[in-house]
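A look at the structure
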Amino acid sequence: NGKNYRPDQEEGEEGRDRREAWIELLHKTAPGTNWREIDLQNLRQLQEMRPRSGNRSLEYFADSTLVGEWSERGSNNLAGSLRTVDYDPSSDKIYGISDGGCLWKGELDGGNWTILNDDIRLHPDLLKVLPSDTGGVRIVASLGKRLRYSDDEGQTWANSVFSPNFYDDWGRPMELLALADSAQTLYYLVLTWDSAPWEARVWLYRSTNGGANFTRIKNFGHGADYKISMWQPFQSNEVYVLDHSEKLYAVQADSVPLLHDISTLPPGADLVLTGQKNGATLTFYALADNQNVFKSTDGGQVWELQGTTPESAWSVGMMCSPFDPDKLFMGGVNCHSSFDGGVNWGPVNEWWEYYGNLDLLHADIMDLKAFQKTDGTPFMLVANHGGLHISYDHLETTENIGLSGLNISQYYDVLTNPLHPNYIYTGSQDQGWQWTTGALGDGPLNFTQQWSGDYGMMQLTNNYESFWTQYPGGIMDFYRYALTLPNPWPDSEWHLEGDDKPAVGWIVPTATTAYPDGNSVFIGGGKVGGGPGSYLILLSASTSPPYAISAYQFDYDFKQNSNSGSGLISAIEQSPADPDRIFVTTSDGTFFYSHDAGSTWTKSAGFSGPTTDWIYTADILASRTDPNVLWLSGSGYSNPPVFKSVNGGQTFVQMSNGLPPTLIQELVANPDETMLFGASAIGPFVYVVAENKWYPMVGEQTPLQWYTCVEYVENEDIVRFGTMGRGIWDFKISELPPSATGEVSSGFSAKIYPNPAAKGDVLKIKTNTPETCDFLLTDLSGRALRRQPILQNGEVPAGTLASGVYFYRFSKNGKTLSAGKLVVN
C-alpha cells in the first residue's frame, strides 16, 4: 500500500452525490423506467442460465463457438467497500455484504474470507444472521425490498411471503431487527408503494418464523415524506419507532401502541433513533438532520439538544454503545466518537492517517455495529470503503481485518500494458490507482496502491512507456515511466476547466490517440480557460523534464451543436485504421464524426430502429482494419444498447440481437474482429459476428456483477474484465471462432514464414487460392505497419520491425479470411 493522497480527495457528500449522479447518467432511461429493477430481472435470468456441472476448467459459450477458462485476478489485498455486517456468536463468524451485493464470511482475526454467494446481487444495506433450527444459521437478506432467506450459507434462497403483498417492486428496505427470542421474531420496516391511496408508504411487518412469513402490523401514512426510524436495545425483545419527530411508538408483538406525542424535537427532521438500556434504565438518542444530537432520559417524552456532530452523518447515522450510554459513534467521511453523550465529539482518526497505518479507519464509514462474544467480550465492527475494521475498546484502537482475501475491489478501469503484459494498472473507487507486475502468474494478485482516492480512465502512451490516469473532475496525472514508477508523485498534472464538465464532473471521457508512439491523449468536455461549452481537448506531455503538459482545444462546441443544445461529450475515439477520422458522442445521443483530423465536424444522420432519445453513449470502438466500421454502446434500457456503422458514422443500425436491456459500458474486439466483448451492468457478453448474435459469458464462477470495463490482452488471448465489486476476471481463450469468410470459401488457408522471424527477414506467404488478397500487418495497438495486396505465394519485407508480437490479417472485400500472430525475435 502507498501513503499518497490528495488533501482534498475525501469523497464527502458532494463527491458521493456526483458519483451517484454519474451512475444514473450511465444508466439513462426514459421517464418512468426503473433500470435497477430491469437489471434485477435480467440477473435472475442469468442466474438460472448459469452452468452447475462442477467443472471449473474449460467452459463453452456462444453455442460452443467460444471455449476458454475463467479465473479471478484480484485485488487480493485492497478491499473495496463493505456495506453491512452481522455476527454469529455460536460460530464466532462475521457475515457481510459488499457494495456489489456479494455475501461474504470471515473470521474476527481477518482470516478465511470466503465468498458465499456472488450470483445474486443482494441489497448491500440489509443483513441478519439468526440461529437456525438445524444448528447452523439462517441468513436473511433482500433483493430490492423483497426479503429472502438461506439455511445453507447462502447457496440457495427462499422467498419470504408477505401479507399483504407489495403492490409492485418500487421502494427500498429500511430496517430489519431480530429479537432475542426463541421464535426468531423479525420486524421489517420498508418503503413501498400503496395502490390505495396511490402514494408512497412506510409499512412495518412482523415475522415469527425467522423470515419465512411476514404480516403487516402497521401502516405509516407518510406519502413521499418517510422520516422514520426504528431501534432495538441490544439483545432485547423491545422495539421502538420514532415517527416524524412527533410520535414515539413501542412495538409489542403484533401491535404498535403510541408511547408519546413529542414536541421537543425539530419538526420535519430526518431521524436516526438509537439508545441504550441497562436494567430498567432506558436512554434514547435521536440524530436529527444528520448532525443534531438529542437525548431523552424519561422514556422518550422530553428531548434535549446535547451537541452537534463534526460533519453530516451518512446513511450509517449514529449508534450508542450498548455497554455505555455516554458513548456515541457516528459515520461520515470520518468516524467520530463522543464519550459524554453527544456534547463533545472527536474523530477516531483522520481519514488520511490510514495511509500511514492501515489499522486506522479508512475513509467513508458504511456500517457501525456492536456485538458480544459468547464469553461476554464486547467488540465493534466498522465497515468502510477500505473493507472492515474491528475494535475491542470502543474504537480507542482499531485493527484492519480486510487486508487479505476480502476480494471486493471496485474498478472503474483496468489496463494491461500490451508490450509488458505482466503489468496491470487499475483505477478504483476510493482505493486509488493500483498496479501489479505479476499479471502473468496464476490466481488472485496483490496490487500496490500508488495513490488513494477515486481514479479511472487510464491511458498508455509513448510506446506504452508512459501512463496517464484521471482523478474525478478531469484532473489528469502523467507519469513518464509506466514500468518502473520510481516516483509515486505524478511527473505533471493538468486540470480540466469550464462550466460544462461532462459526466457530472465525475469520471470524464478520455481516449488514447491512434499513435502509440505519441504522447498525447484526448479529454472530452469543458473548455480551456473556463467558460461555457463542451470542447474536445488534446493533451500532450513532454518526455523530458519537467514533463510539461500542453493543451490543444479543437474549435468546435459539441454542446452548442448537439441535438438538444445541452449534450456534453460522453465518448471519444480516433480510428486506428485512419487517424484522420475522429468520433465524438454527447450525452443526448448525438454522434459527430470528422474525416480531417478534427478540422471540421459532421453530425450523424441518426440511428435506425427503436428510439435513441434515452441512450447515453459510454463507449465508441473503431475497427482497426476498416476505417468505415465502428460500434458504440451505452445505456440500453429504453433503446438498444449497441449500434454499428459501416459508413464512418454517417448512419447506424442497432446490433443488439441476444442482448437484454442493460448498460454496455465498454466494448473490445479480438484481433480479427470476428468477436466483440461487452462489459455490461449485469455481466460479460460476447458477440459472434458470423452469427450476428450476442451471448452471455456467465460461467460457473464468474460473479454476476456490474462489469465496468473490458480489454483484449492479445499476446495472451485473454479477455480481461474489471468489475465494480469483485475485482478483475480473466477469460483465457482456448479455441477461437471461425472467421467471417464472406465471399471467399471457408477452406481458405494461409501460411506466413519464417515465424518466428528475425529482424530484416523477408516474410514469405503461401495461400491455397490464386486470388488476390489484402494483407495487413499491425502492432499490438492495431496500428497498421504493412498493407498491400498479396498473390498466391507472395512476399512482404519485414523491414525494421522491432522484437515483439505482431498480428496479421488476410481479407477480401473487407471480409476477414484468416488471421494470426507473427513473432519477431
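Not measured: the values here are computed from a predicted model. (Residues numbered from 1 in each chain as written. Predicted model: local features only at pLDDT ≥ 70, side-chain atom pairs only at ≥ 80, totals over all residues. Heavy atoms only, no water.)

1. Topic: the side chain of Ser-623
The topology assignment puts Ser-623 in the loop between β49 (617–622) and β50 (630–634). With a relative accessible area of 1%, Ser-623 lands in the buried category. From its side chain, Ser-623 meets the backbone nitrogen of Thr-625 in a polar contact 3.1 Å long. Excluding its chain neighbours within four sequence positions, the residues that come into contact with Ser-623 are Ser-575, Pro-576, Ala-577, Val-629, Leu-630, Trp-631 and Glu-673. (Helix = DSSP H or I, 4+ residues; strand = E, 2+ residues; numbered from the N terminus. Buried < 20%, exposed > 50% of the residue type's maximum accessible area, 1.4 Å probe, protein only. Polar contact = N/O pair within 3.5 Å; in protein donor to acceptor, adjacent residues only side chain to side chain. Contact = heavy atoms within 4.5 Å.)

2. Quick look at the sheet that holds strand β36 (residues 456–461)
Judged by pairing direction, the sheet is antiparallel, and its four strands sit side by side in the order β36-β37-β38-β39 without closing on themselves. Strands at the two margins of the open sheet, each flanked by one partner only, are β36 and β39 (492–495). Each adjacent strand pair in this sheet contributes to an overall mean axis angle of 20°, direction not counted. Inspection of the sheet shows β36 paired to strand β37 (residues 466–471) by four bridges, in the antiparallel sense. (Pairing = 2+ DSSP bridges. Axes fitted to C-alpha atoms, helices over the stretch in contact; angles between N-to-C directions.)

3. Details of unusual backbone geometry
Glycine aside, residues mostly have negative phi angles, and peptide bonds mostly take the trans form. At the junction of Pro-545 and Pro-546, the peptide bond is cis and its omega measures out at 5° in the coordinates. Within the element layout of this structure, Pro-546 appears in the loop between β42 (536–541) and β43 (549–553). Look at the link from Asn-755 to Pro-756: it is a cis peptide, with omega at 15°. Mapped onto the elements of the fold, Pro-756 is located in the loop between β60 (750–753) and β61 (762–767). Even without being glycine, Gln-184 reaches a positive phi, approximately 55°. With respect to the secondary-structure elements, Gln-184 resides in the loop between β12 (172–178) and β13 (186–195). Relative accessible area serves as the criterion here: at 11%, Gln-184 is assigned to the buried category. Of note, the phi angle at Glu-673 is positive, near 60°, even though the residue is not glycine. Relative to the helices and strands, Glu-673 resides in the loop between β53 (664–669) and β54 (675–680). Assessed through its relative accessible area of 13%, Glu-673 is described here as buried.

4. Thoughts on the nonpolar core
Leu-66, Phe-677, Val-686, Val-719, Phe-721, Phe-731 and Ile-733 are the most contacted members of the largest nonpolar core, which totals 20 residues. Elements supplying a minimum of two residues to this core: β2 (66–74), β54, β55 (684–688), β57 (707–713), β58 (718–723) and β59 (728–735). (Core = buried A, V, L, I, M, F, W, Y, C linked by side-chain atoms within 4.5 Å.)

5. Some remarks on helix α2 (residues 35–49)
The first and last C-alpha atoms of α2 sit 21 Å apart over 15 residues, in line with the 21 Å expected at 1.5 Å per residue. Three or more residues of α2 are buried, namely Trp-35, Glu-37, Ile-38, Asp-39, Leu-40, Asn-42, Leu-43 and Leu-46. Where α2 starts, the residue carrying a side-chain oxygen 3.1 Å from the main-chain nitrogen of Arg-36 turns out to be Asn-34. (Expected span 1.5 Å × (residues − 1).)

6. Considerations on the pairing of strand β7 (residues 128–131)
Of the strand pairs in this sheet, β7 and strand β8 (residues 137–143) are connected by four bridges, and their pairing is antiparallel. Pairing of Leu-130 across the sheet is with Arg-138, part of β8. Remark: five residues form the turn of the hairpin made by β7 and β8, two consecutive strands paired antiparallel; Gly-135 in that turn has positive phi of roughly 100°.

7. Here we look at the packing of aromatic side chains
Applying the stated criterion across every chain yields a total of 51 aromatic pairs. Site record: aromatic cluster; members linked through ring pairs are Phe-162, Phe-166, Tyr-188, Trp-203, Tyr-205 and Phe-214. Its guanidinium or amino end placed over the ring of Phe-220, Lys-218 lies 5.6 Å from that ring's centre, counting from NZ or CZ. (Phe/Tyr/Trp six-rings, centres within 6.5 Å; stacked < 30°, edge-to-face > 60°. Lys NZ or Arg CZ within 6 Å of the ring centre and 35° of its normal.)

8. Things to note about the environment of Thr-208
Within the element layout of this structure, Thr-208 appears in the loop between β14 (198–207) and β15 (213–220). As a C-alpha pair, Thr-208 and Ala-178 span 30 residues in sequence and 10.0 Å in three-dimensional space.

9. Section: the confidence of the model for the protein
The share of residues in the protein with pLDDT of 70 or more is 93%, and the mean pLDDT across the chain is 90. Across residues 738–745, confidence stays below pLDDT 50; counting only partners more than four residues off in sequence or on other chains, it has 19 contacts. (pLDDT = per-residue confidence, 0-100.)

10. So, the pattern of salt bridges
A complete count under the given rule lists 25 salt bridges for this structure. In this structure, Arg-50 and Asp-119 form a salt bridge, with 3.6 Å as the shortest nitrogen-oxygen distance. Pair noted here: Arg-50 is in the loop between α2 and β1 (59–61) and Asp-119 is in the loop between β6 (114–117) and β7, with a separation of 69 residues, a long-range link. Note on accessibility: Arg-50 and Asp-119 belong to one class, buried. Taken together, the shared-partner salt bridges in this structure form one network comprising Arg-50, Glu-72, Asp-118, Asp-119 and Arg-726. (Salt bridge = Lys/Arg side-chain N within 4 Å of Asp/Glu carboxyl O.)

11. Focus: the side chain of Thr-185
One can find Thr-185 in the loop between β12 and β13. Of the residues examined, Thr-185 reaches a relative accessible area of 3% and is grouped as buried. Setting aside residues up to four positions removed in sequence, Thr-185 forms contacts with Leu-177, Ala-178, Leu-179, Arg-206, Ser-207 and Thr-208.

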